[in-house]
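Understanding the architecture of this molecule
Single-letter residue listing:
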Amino acid sequence: MRQRVLSQLDGLAPVRSCADLAELRELLSSPTGLVPVDTRVDPRAGARGPVEWGGLVVDRAGHRVTWRGDPVPLTPAERELLALLIGPPLVVWSYEQLCAAALGGADTTALRSTIKRLRRRLRGLPGGPQVHTVRGVGYRLDRPPRRNDN
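Residues numbered from 1 in each chain as written. Predicted model: local features only at pLDDT ≥ 70, side-chain atom pairs only at ≥ 80, totals over all residues. Heavy atoms only, no water.

**Remarks on the sheet that holds strand 2 (residues 56-59)**
Strand order across the open sheet formed by 4 strands is 1-2-3-4, with antiparallel pairing between neighbours. Both outer strands of the open sheet, strand 1 (51-53) and strand 4 (70-71), are each paired with one neighbouring strand and no more. Taken together, the 3 bridges between strand 1 and strand 2 define a ladder with antiparallel strand orientation. Across the sheet, Trp53 pairs through a bridge with Leu56, a residue of strand 2. (Pairing = 2+ DSSP bridges. Helix = DSSP H or I, 4+ residues; strand = E, 2+ residues; numbered from the N terminus.)

If you want it as C-alpha cells, here you go:
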C-alpha cells in the first residue's frame, strides 16, 4: 500500500511520513519541515490563457470549459476556482488564496459552497478531476492521468 501511494505522489512534491500525530504537528510547525501549501504561489499570477488537466480545458479568456471537446457549464466563480486548481503549478491552495483570487475576497463559507457545486459538476465527467480537501489547509487536485492511464 505504501509503495502504491508513493508511486501516485511521484513528481508532485516531496514525500514525508510520520509515526504519529505529534510527530506530524512537530514537522508542520518546524521551519525546516514540510509546508503543505506552496506559499510562493501568487494566486493572482496564474496564466490568463487556457489551462489543461487531461481532457479538461479551462479557457479563462473565452469564458468556457470543455471536457474532451464537450462544453461544461460552470459559473464564473466555479470556472476561476477550477482554473486555479488545475493551472500550473499543481499545488495545495489555501482557503485564503482561493478566496482572494477566485472569489474576490469572499469568506470561506462562500468558498465551501462554490467548491461543493464544482465537485457536483465534476462528478459527471468520467475520469475527470476531483477536488480534494486538505483538512485545515485548503484544496488540491490530483495530477492529470498519464496518456496510458485513460
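So that's the structure; there's more coming.
**Some words on unusual backbone geometry**
Although it is not a glycine, His63 adopts a positive phi angle of roughly 55°. Secondary-structure assignment places His63 in the loop between strand 2 and strand 3 (64-67). Of the residues examined, His63 reaches a relative accessible area of 54% and is grouped as exposed. Residue Arg68 is not a glycine yet carries a positive backbone phi of 50°. Classification of Arg68 by relative accessible area gives exposed; the value is 51%. (Buried < 20%, exposed > 50% of the residue type's maximum accessible area, 1.4 Å probe, protein only.)

**Side note on the packing of aromatic side chains**
On inspection of all chains with the given rule, the structure shows 1 aromatic pair. Seen from their ring centres, Tyr95 and Tyr139 are 5.5 Å apart, and the 85° between their planes marks the pair as edge-to-face. In this pair, Tyr95 is assigned in helix 4 (residues 95-102) and Tyr139 in strand 7 (residues 138-141), connecting sequence segments 44 residues apart. (Phe/Tyr/Trp six-rings, centres within 6.5 Å; stacked < 30°, edge-to-face > 60°.)

**With respect to the confidence of the model for the chain**
Taken residue by residue, the chain gives an average pLDDT of 79. The fraction at 70 or more is 65%. Element-level pLDDT for the chain is lowest in helix 1 (residues 2-9), with a mean of 56, against a maximum mean of 96 in strand 3. Note on residues 32-46: pLDDT is under 50 here. Beyond four places in sequence and across chains, it has 26 contacts. (pLDDT = per-residue confidence, 0-100. Contact = heavy atoms within 4.5 Å.)

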